[in-house]
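What follows is each chain in one-letter form.
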Amino acid sequence: MKILKLKEKTSLGAVLVIRKSKSQKLIAVNPICTHLRCIVDWEAEENIFLCPCHASEFTTEGKVQNEPATKLLSTYKTKIEKNTVMVTRT
Ligand code: FES
């Protein structure tokens with residue numbers, strides 16, 4: 001997977017989009033950690049979002065895999081239209 005884009009200001013709030021290279025599937029999340037609001041990093045080798053502040057981990061579905069965060073990352077629907085990535089609320 002690779003990171004396509006991090007946009008910190010959209011009508012949805014911050015959005016981080018990554019792509020699974022084999023399937024071309026796009027994954028979009030709000031990258032603001034639900035613990036104390038640091039921006040999570042994408043860890044491709046581990047297939048997780050990792051918070052650099054206190055090491056919370058989140059799955060690609062936004063579920064908490066390692067605390068201290070206890071709330072999900074928000075996820076968004078994605079699709080590609082005319083070479084543009086469209087991101088909408090789920
Ligand atoms: S701000 Fe992310 S784990 Fe604390």
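Our structure's up above, just so we're on the same page.
**Student:** What exactly am I supposed to notice about the packing of aromatic side chains here?
**Tutor:** Any pair of aromatic rings gets described here by the distance separating the centres and the angle formed by the planes. Applying the stated criterion to the full structure yields one aromatic pair. Aromatic pair Trp42 and Phe49: ring centres 4.7 Å apart, planes at 55°, arrangement tilted. There is no split in this pair, since Trp42 and Phe49 are both buried.

**Student:** What am I meant to see in the layout of surface pockets here?
**Tutor:** Empty pockets left among the atoms are what a rolling probe the size of a water molecule brings to light. Of the volumes computed, that of the largest pocket is approximately 240 Å³. In terms of lining, the largest pocket is formed by 11 residues, of which the most central are Lys7, Val15, Val17, Val85 and Val87. For the lining of the largest pocket, the secondary-structure elements that each account for two or more residues are strand 1 (2-7), strand 2 (15-19) and strand 9 (84-89).

**Student:** I'm lost on the state of the cysteines in this one. Help?
**Tutor:** The term disulfide refers to a covalent linkage connecting the sulfur atoms of a pair of cysteines. Across all of its chains, the model carries one disulfide by this definition. Linked covalently through their sulfurs, Cys38 and Cys53 form a disulfide whose S-S length is 1.8 Å. One quick way to see it: the torsion about the S-S bond of Cys38 and Cys53 is about -95°, and its sign makes the bridge left-handed. You can see Cys38 sitting in the loop between strand 3 (26-29) and strand 4 (41-43) and its partner Cys53 sitting in the loop between strand 5 (48-50) and strand 6 (57-58), a full 15 residues away along the chain. We classify Cys53 as partly exposed; its relative accessible area is 36%.

**Student:** It is not clear to me how the sheet that holds strand 7 (residues 64-66) should be interpreted in this structure. Could you clarify?
**Tutor:** Pairing between sheet strands relies on hydrogen bonds along the backbone, with the strands arranged either parallel or antiparallel. Taken in spatial order, the four strands make up an open sheet running 4-5-6-7, and their pairing is antiparallel. Looking along the sheet, the strands with just one partner apiece sit at the ends: strand 4 and strand 7. With three bridges joining them, strand 4 and strand 5 adopt antiparallel strand pairing. Note that in strand 5 the partner of Glu43 across the bridge is Ile48.

About the thresholds
Residues numbered from 1 in each chain as written. Predicted model: local features only at pLDDT ≥ 70, side-chain atom pairs only at ≥ 80, totals over all residues. Heavy atoms only, no water. Phe/Tyr/Trp six-rings, centres within 6.5 Å; stacked < 30°, edge-to-face > 60°. Buried < 20%, exposed > 50% of the residue type's maximum accessible area, 1.4 Å probe, protein only. 1 Å grid on protein atoms, 1.4 Å probe; cavity = no way out; pocket = protein on both sides within 12 Å on 5 of 7 lines; lining within 4 Å. Points joined across faces, edges and corners; volume = space filled by probe spheres on them. Helix = DSSP H or I, 4+ residues; strand = E, 2+ residues; numbered from the N terminus. Disulfide = S-S within 2.5 Å. Pairing = 2+ DSSP bridges.

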